[in-house]
Amino acid sequence: MRPATELLAYEPAPGDPWQPVAAPLYQTATFAQPSALENGTFDYTRSGNPTRRVLEQQVARLERARAAFAFASGMAALTAVTRLLAPGDELLASDDLYGGSYRLFSRLLEPRGIRVRYADLSDLDATRAAMGPRTRLVHVESISNPLLRVADLPGLAALAREREARLCVDASALSPHLQRPLELGADFVVHSATKYLAGHADATAGVVSVGDAALAEELAFVQNAEGAALAPFECLLLLRGMATLALRLERQQANALELARWLQPRVRRLRHPGLESDPGHALLRRQAAGAGAVLSFETGSLERSAALVDALELFTTSVSFGSVRSTASLPCRMSHASIPPQVRRARRLPEDLVRLSIGIEDVRDLRDDLEQALHVVAQRGASIEPWPAARG
Ligand SMILES: *Cc1c(COP(=O)(O)O)cnc(C)c1O
């Protein structure tokens, strides 16, 4: 079965006598048990719920996983993975990553005795050099956020295996429709399902998938013990969103590539791994079926970037990405503001970086909007000196 079909071909209500064609919402906290001494399949929604089970099984199927677990947010999903670390263990994370992940690692894990190191994980030699004898987990985003660097997942998986560490891939930027990291050697795949999986900016959710039975058992324990599982109604929203994942993403990607080509000669250092000129393009093609629909670029100054974002009319100024609606943001002021300015500087995260998440609108309207916004900026005497990616 092909990926677009797989999104629809699942059993929506296993065991339900009425044969509904859409997954039913089991909006209940508790389940009656057959007798005082017998347990039914479900007893309490924190531990398990039929709507959540349909979702988790469908995610597991898409990821080619042994099991998947749904959480209240992407951060809750990532937190569950880090619960498998013990004090004294080391986590090696990419130095370009989502601001909230950095905050979790630096403010919650480090004070509790887990050492966190950062390196450019798109560089295998730098990764090898940064791994220590106590490195237990390597965490990377399949396309880093917001610099859109591509990591060599099979290469990282081999390195992690050599050192008896596990590889966790945050694949939020691609979704299982475009990339299945477990097949590339990852031990955990994490998604902020808030992004492409849900796709409509109407739910926050996260999922973790694993290929290994022992890891599945450990995560099931964490999910129940910590109580951050996704609520039934959100599971339903996610299932509904996921049905159109292929349709949305294919349109979003085509729009993004067209806009990236149009914008490249008009802005500085446009990054989008779908462009052949992008340094990550060839690598991404080997390990993903597409490049997603996020692009970023610079303008030369924060003022210019802010003016550009403010001049956009169709693009909503908003954090996050992956929605059917196009959005624009300044990562250093928004999604990555939790990374201290000196750390951002050390990591060469440009303060004037503009990130666009491309939606499913008619691409001509999006291009017109960008054109008028660039014109507004130029009229203020602040025209952008183009800087093609090839020179960057
Ligand atoms: C948004 C995001 C997260 C966090 O997910 P939430 O659902 O907002 O908690 C984690 N990783 C990446 C790459 C993200 O973009």
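(A) Layout of the overall build of the protein. Scanning the protein for helices and strands turns up 13 helices and 12 strands. Taken along the three principal axes of its C-alpha coordinates, the protein extends 80 × 50 × 35 Å. Put simply, the protein has 392 residues, and 55% of those count as buried. Intrachain contacts of the protein at a sequence separation of at least 6 include 72% that bridge at least 24 residues. Taking the average place of the 44 positive charges on the side chains of the protein and the average place of its 45 negative ones, the gap between the two points comes to 3 Å.

(B) The site of the ligand, seen in detail. Surrounding the ligand, one finds 13 residues, the nearest of these being Gly74, Asp170, Ser192, Thr194 and Lys195. One nitrogen or oxygen atom from the main chain of methionine 75 is found 2.9 Å from an oxygen atom belonging to the ligand. Here an oxygen atom of the ligand sits 2.6 Å away from a polar atom, N or O, in the side chain of lysine 195. Taken by itself the ligand offers 380 Å² of open surface, and the protein chains cover 90% of this. In this structure, the ligand is accommodated by the second largest pocket.

(C) Quick look at the sheet that holds strand E11 (residues 327-329). The 5 strands lie next to each other as E8-E9-E12-E11-E10, forming an open sheet whose pairing is mixed. Each having just a single partner strand, strand E8 (268-271) and strand E10 (316-317) make up the two edges of the open sheet. Sheet topology places E8 next to strand E9 (residues 294-298); 2 bridges connect them, and they run antiparallel. Paired with arginine 268 across the strands is glutamate 298, a residue of E9. In the packing of helix H9 (residues 245-263) onto the sheet, contacts are made with E8, E9 and strand E12 (354-357), and the angle to E9 comes to roughly 15°.

(D) Summary view of helix H7 (residues 213-226). Its 14 residues place the ends of H7 20 Å apart at the C-alpha level, agreeing with the 20 Å of an ideal helix rising 1.5 Å per residue. All buried positions along H7 are accounted for by Leu215, Ala216, Leu219, Val222 and Gln223. The buried residues of H7 occupy one face: seen down the axis, they fall within an arc of 125°. Pointing more than 90 degrees away from the buried face of H7 are the exposed residues Glu217, Phe221 and Ala225. Contacts from the buried residues of H7 go to helix H2 (50-63), strand E1 (67-71), helix H3 (74-82), strand E5 (166-170), strand E6 (188-192) and strand E7 (206-210).

(E) Quick peek at the pairing of E7. A large share of E7 lies buried, amounting to 5 of its 5 residues. Residues Gly206, Val208 and Val210 of E7 are buried on one face, and the alternating residues Val207 and Ser209, pointing to the opposite face, are buried as well. By the bridge criterion, 5 bridges tie E1 to E7 in an arrangement that is antiparallel. Looking at the pairing, alanine 67 lines up with valine 210 of E7. Bridging between E6 and E7 involves 5 bridges; their strand directions are antiparallel. Note that in E7 the partner of valine 190 across the bridge is valine 208.

What counts, and at which threshold
Residues numbered from 1 in each chain as written. Predicted model: local features only at pLDDT ≥ 70, side-chain atom pairs only at ≥ 80, totals over all residues. Heavy atoms only, no water. Helix = DSSP H or I, 4+ residues; strand = E, 2+ residues; numbered from the N terminus. Buried < 20%, exposed > 50% of the residue type's maximum accessible area, 1.4 Å probe, protein only. Contact = heavy atoms within 4.5 Å. Lys, Arg positive; Asp, Glu negative; His and termini not counted. Charge placed at Lys NZ, Arg CZ, Asp CG, Glu CD. Near = heavy atom within 4 Å. Polar contact = N/O pair within 3.5 Å; in protein donor to acceptor, adjacent residues only side chain to side chain. Areas by Shrake-Rupley, 256 points an atom, 1.4 Å probe, with all protein chains shown as cover. 1 Å grid on protein atoms, 1.4 Å probe; cavity = no way out; pocket = protein on both sides within 12 Å on 5 of 7 lines; lining within 4 Å. Sits in = over half its atoms within 2 Å of the grid points. Pairing = 2+ DSSP bridges. Axes fitted to C-alpha atoms, helices over the stretch in contact; angles between N-to-C directions. Expected span 1.5 Å × (residues − 1). Arc of directions from axis to C-beta.

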